[in-house]
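This is what each chain is made of:
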Amino acid sequence: VQLVESGGGLVQPGGSLRLSCAASGFTFSMYVMSWYRQAPGKERELVASFYSAGGSTNYVDSVKGRFTISRDNAKNTVYLQMNSLKPEDTAVYYCKVTITGRDYWGQGTQVTVSS
């Protein structure tokens, strides 16, 4: 299993970024894919999930209406579109999949929101 995030960077408040997570080594379409983030000095938190069955999604309250998770099963990729970014969104963003009870993480991509 391999997860590779990309798309992070430095953006001004109010700006947008689109993160990507390319997956390999498992049947991507069968599993829930999630984005987490970890800010300095804070615990890692769940940001959004996209369920494989039915295509439902869920978000942490702080990003509802601003972030959108999506997936392309043909490309084995999950995305996180982040709009109206705030300084408090600054964190390392990770994608995660759980397969037979084991969590697999990518290496993370840094998002910094600052003027």
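Everything below is about the structure printed above this text.
Quick look at the structure, then. Since the model is a prediction, treat every value here as computed from it, not as a measurement.

1. Points about the side chain of Asp89
Okay, step 1: Structurally, the position occupied by Asp89 is in the loop between β8 (77-82) and β9 (91-99).
Okay, step 2: Reaching out from Asp89, the side chain makes a polar contact with the side chain of Arg37 at a distance of 2.9 Å.
Okay, step 3: Polar side-chain contacts of Asp89 include one of 2.8 Å to the backbone nitrogen of Lys86.

2. A word on the packing of aromatic side chains
Okay, step 1: Under the definition given, this model contains four aromatic pairs.
Okay, step 2: Considering the side-chain rings of Phe26 and Phe28, the 6.3 Å spacing of their centres and the 45° angle between planes classify their relative orientation as tilted.
Okay, step 3: Using a relative accessible area of 2% as the deciding quantity, one classes Phe28 as buried.
Okay, step 4: Note on Tyr94 and Trp105: the rings are 6.2 Å apart at their centroids and 90° apart in plane angle, and the pair reads as edge-to-face. In this pair, Tyr94 sits in strand β9 while Trp105 sits in strand β10 (residues 102-105), placing the two residues 11 residues apart along the sequence.
Okay, step 5: Residue classification places Trp105 among the partly exposed positions, given a relative accessible area of 33%.
Okay, step 6: One aromatic cluster is present, formed by Phe26, Phe28 and Tyr31 through successive ring pairs.

3. Points about the pairing of strand β5 (residues 45-50)
Okay, step 1: Inspection of the sheet shows strand β4 (residues 33-38) paired to β5 by five bridges, in the antiparallel sense. When the bridges of β5 are listed, Trp35 appears paired with Ala48.
Okay, step 2: Count of turn residues in the β4/β5 antiparallel hairpin: six residues, of which Gly41 carries a positive phi of about 75°.
Okay, step 3: Sheet topology note: the β5/strand β6 (residues 57-59) ladder contains three bridges and is antiparallel.

4. Notes on the nonpolar core
A general feature of soluble globular proteins is that nonpolar side chains tend to end up buried together.
Okay, step 1: Counting 30 residues, the largest nonpolar core has Leu3, Trp35, Leu80, Met82 and Tyr93 as the members making the most contacts within it.
Okay, step 2: Broken down by secondary-structure element, the contributors of at least two residues to this core are β3 (17-24), β4, β5, β7 (67-72), β8, β9 and β11 (109-113).
Okay, step 3: Per-element accounting of this core gives the leading share, five residues, to β9.
Okay, step 4: With near-sequence residues (within four places) excluded, Tyr93 lies in contact with Glu5, Leu19, Trp35, Tyr36, Arg37, Val47, Phe67, Leu80, Met82, Gly108, Thr109 and Val111.

5. Observations regarding the state of the cysteines
Okay, step 1: Summed over the entire model, instances satisfying the criterion amount to one disulfide.
Okay, step 2: Note that Cys21 is cross-linked by a disulfide to Cys95, the S-S spacing being 1.9 Å. Across the S-S bond linking Cys21 and Cys95, the dihedral sits near 50°, which makes this disulfide right-handed. Taken together, the positions of Cys21 in strand β3 and Cys95 in strand β9 put the pair 74 residues apart, joining distant regions of the chain.

Thresholds, definitions, all that
Residues numbered from 1 in each chain as written. Predicted model: local features only at pLDDT ≥ 70, side-chain atom pairs only at ≥ 80, totals over all residues. Heavy atoms only, no water. Helix = DSSP H or I, 4+ residues; strand = E, 2+ residues; numbered from the N terminus. Polar contact = N/O pair within 3.5 Å; in protein donor to acceptor, adjacent residues only side chain to side chain. Phe/Tyr/Trp six-rings, centres within 6.5 Å; stacked < 30°, edge-to-face > 60°. Buried < 20%, exposed > 50% of the residue type's maximum accessible area, 1.4 Å probe, protein only. Pairing = 2+ DSSP bridges. Core = buried A, V, L, I, M, F, W, Y, C linked by side-chain atoms within 4.5 Å. Contact = heavy atoms within 4.5 Å. Disulfide = S-S within 2.5 Å.

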